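Read off the chains here:
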Amino acid sequence: MKTTYPKSRLPSVSKKRRISAKLSPWLFLAPAMIVFSVYVLYPILSSISLSFYNWDGMGAKTWVGFGNYVELFDSQAFYTSLKNNLLWLIFYMLAPPIGLAIALFLNQQVRGIRIVKSLFFFPFVISQVVVGLVFAWFYDPSFGLFNVAIGALGFEPIAILANEEYVTFGIIAAGLWPQIAYCMILYMTGLNNLDAEQLEAARLDGAKKFKMLWYVVLPQLRPATFIAIVVTVIGALRSFDLVATMTAGGPWGSSSVLAYQMYEESIFNYRMGYGAAVSVVLFLIMDVYIAYFLWRMLRSEK
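Notes on the structure follow. Worth saying up front: this structure is predicted, and the values here are computed from it rather than measured.

So, how was this worked out
- Residues numbered from 1 in each chain as written.
- Predicted model: local features only at pLDDT ≥ 70, side-chain atom pairs only at ≥ 80, totals over all residues.
- Heavy atoms only, no water.
- Helix = DSSP H or I, 4+ residues; strand = E, 2+ residues; numbered from the N terminus.
- Rg over C-alpha atoms; globule rule 2.2 N^0.38 Å.
- Buried < 20%, exposed > 50% of the residue type's maximum accessible area, 1.4 Å probe, protein only.
- Areas by Shrake-Rupley, 256 points an atom, 1.4 Å probe, with all protein chains shown as cover.
- Lys, Arg positive; Asp, Glu negative; His and termini not counted.
- Charge placed at Lys NZ, Arg CZ, Asp CG, Glu CD.
- Phe/Tyr/Trp six-rings, centres within 6.5 Å; stacked < 30°, edge-to-face > 60°.
- Core = buried A, V, L, I, M, F, W, Y, C linked by side-chain atoms within 4.5 Å.
- Contact = heavy atoms within 4.5 Å.
- Salt bridge = Lys/Arg side-chain N within 4 Å of Asp/Glu carboxyl O.
- Patch = residues over 30% accessible without salt bridge, like charges linked within 9 Å, V, L, I, M, F, W, Y side chains within 5 Å.
- Expected span 1.5 Å × (residues − 1).
- Arc of directions from axis to C-beta.

### Digging into the overall build of the protein
Helices and strands together make up the secondary structure of the protein, namely 14 helices and two strands. Since a compact globule built from 302 residues should have a radius of gyration of about 19 Å, the 26 Å found for the protein marks it as more spread out than a globular shape. Over its C-alpha atoms, taken along the principal directions, the protein stretches across nearly 100 × 70 × 35 Å. The proportion of buried residues among the 302 residues of the protein is 34%. Accessible area for the protein stands at about 19500 Å²; split by element, carbon and sulfur atoms hold 67% of it. When the 23 positive and 16 negative side-chain charges of the protein are each reduced to one mean point, those points stand 26 Å apart.

Next up, the structure:
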């Protein structure tokens, strides 16, 4: 026997379903939003707030307004760190094209290619601290392989990490080693997901080598390129591990970057507010660059 319900109950059931359909996504998102708010949003807002105070990390906070920022922009150490960050950013942009070139080289079916792939993949899986130690030994003026090599060519040994002129470039070279490996992995993934039909159609139309790469392969690698550039920019701007491991900002602060300056001012000089001001400036630089790149990316997509 078929059961019938009063018509007066139908709108109520429909309304409950609509409410449930609207609330369900938020209920599933709630845990992630709570974690994101506690571990990302709150520290950002707390750092911005702290940058307006003078605080040693233990005593009472003293309101100084924009005093930390005024002192920061009058500091020569800040401009040295900012210049070094710009150098990191410029030279780190070599990682995506070099990673793409290596990925194209490795994307072939030949005997022994898996062993070669593992050798290129190796720098990505080791710690930045280990990379720093390896390159510190590599640059050592007494027994480092770098000076052994240039000595064989007839040049005098160079203490890279003790020279104000070369130290930043030496650390950047160390950072590029794992960063190129990371970009290579992104492009290898993208090459494995290329549309076979488009490639075949391009071959039938006579596209070969450079034309195939420029007009068919690279457009399909845009998502991988976007991720590679964004991650590379973030890695360049927040560079810290290698500087701390290889030189601790030396000699005489010449290799310091904004992230290390923030750490040094906060931990060693007990100036939490001033260190927070450095972090806010670094955060704004990173946000502006990434927002501009996202805008360009969306504009090109349209």
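Resuming the write-up.
### Points about the packing of aromatic side chains
In the structure shown here, the tally under the stated rule is 23 aromatic pairs. With 5.9 Å between their ring centres and 55 degrees between their planes, Phe135 and Tyr139 make a pair best called tilted. Tyr139 gets classed as buried once you look at its relative accessible area, which sits at 6%. Each residue in the set Phe52, Tyr53, Trp63, Phe66 and Tyr69 is aromatic and connected to the rest through ring pairs, giving one cluster.

### Some words on the nonpolar core
Grouped together as the largest cluster of nonpolar side chains are 62 residues, with contacts concentrated most on Trp88, Ile171 and Met246. It is helix H8 (residues 167-192) that contributes the most residues to this core, 12 residues altogether. Setting aside its immediate chain neighbours within four residues, Trp88 contacts Thr168, Ile171, Ile172, Ala236, Ser239, Leu242, Val243 and Val257.

### So, the pattern of salt bridges
In this structure the tally under the stated criterion is two salt bridges. Glu71 is paired through a salt bridge with Arg271; the nearest N and O atoms lie 2.8 Å apart. With Glu71 in helix H2 (residues 67-73) and Arg271 in the loop between helix H13 (258-268) and helix H14 (272-301), this pair connects stretches of sequence that are 200 residues apart. For Arg271, a relative accessible area of 24% corresponds to the partly exposed category. For Arg203, the salt bridge identified is with Glu200, shortest N-O distance 3.6 Å. Taken together, the residues Arg203 and Glu200, both in helix H9 (residues 196-204) and three residues apart, mark about one turn of the helix. You can call Glu200 partly exposed: its relative accessible area is 41%.

### Description of a nonpolar patch on the surface
On the surface, a nonpolar cluster with roughly 1000 Å² of combined accessible area is contributed by Phe121, Phe122, Phe124, Val125, Val129, Val130, Leu133, Val134, Trp137, Phe143 and Trp177. Listed by contribution, the elements that provide at least two residues to the nonpolar patch are helix H5 (113-125) and helix H6 (128-138). At five residues, H6 tops the list of elements feeding residues into the nonpolar patch.

### Looking at the environment of Ala159
Within the fold, Ala159 resides in the loop between helix H7 (145-152) and H8. Considered as a pair, Ala159 and Gly144 are 15 residues apart in the sequence and their alpha carbons are 9.8 Å apart.

### What about helix H4 (residues 95-106)?
The terminal C-alpha atoms of H4 lie 16 Å apart, and with 12 residues this matches the ideal 16 Å at 1.5 Å per residue to within 8%. Those residues of H4 that fall on the buried side of the exposure criterion are Ala95, Pro96, Gly99, Leu100, Ile102, Ala103 and Leu106. End-on view of H4: buried residues confined to an arc of 170 degrees, all on one side of the axis. Here the buried face of H4 lies against helix H3 (76-92), H5, H8, helix H10 (209-220) and helix H11 (222-237).

### Notes on the environment of Phe28
Within the element layout of this structure, Phe28 appears in helix H1 (residues 10-50). The exposed category is assigned to Phe28, whose relative accessible area is 72%. For the pair Phe28 and Leu119, spaced 91 residues apart in sequence, the C-alpha separation works out to 41 Å.

### Some details on the side chain of Ser51
Turning to its location among the elements, Ser51 is positioned in the loop between H1 and strand E1 (53-54). The contact partners of Ser51, leaving out residues within four places of it in the chain, are Gly65, Asn68, Tyr69, Gly273, Ala276, Ala277 and Val280.

Note that every value here comes from positions in space, so none of it alone points to a role or purpose.
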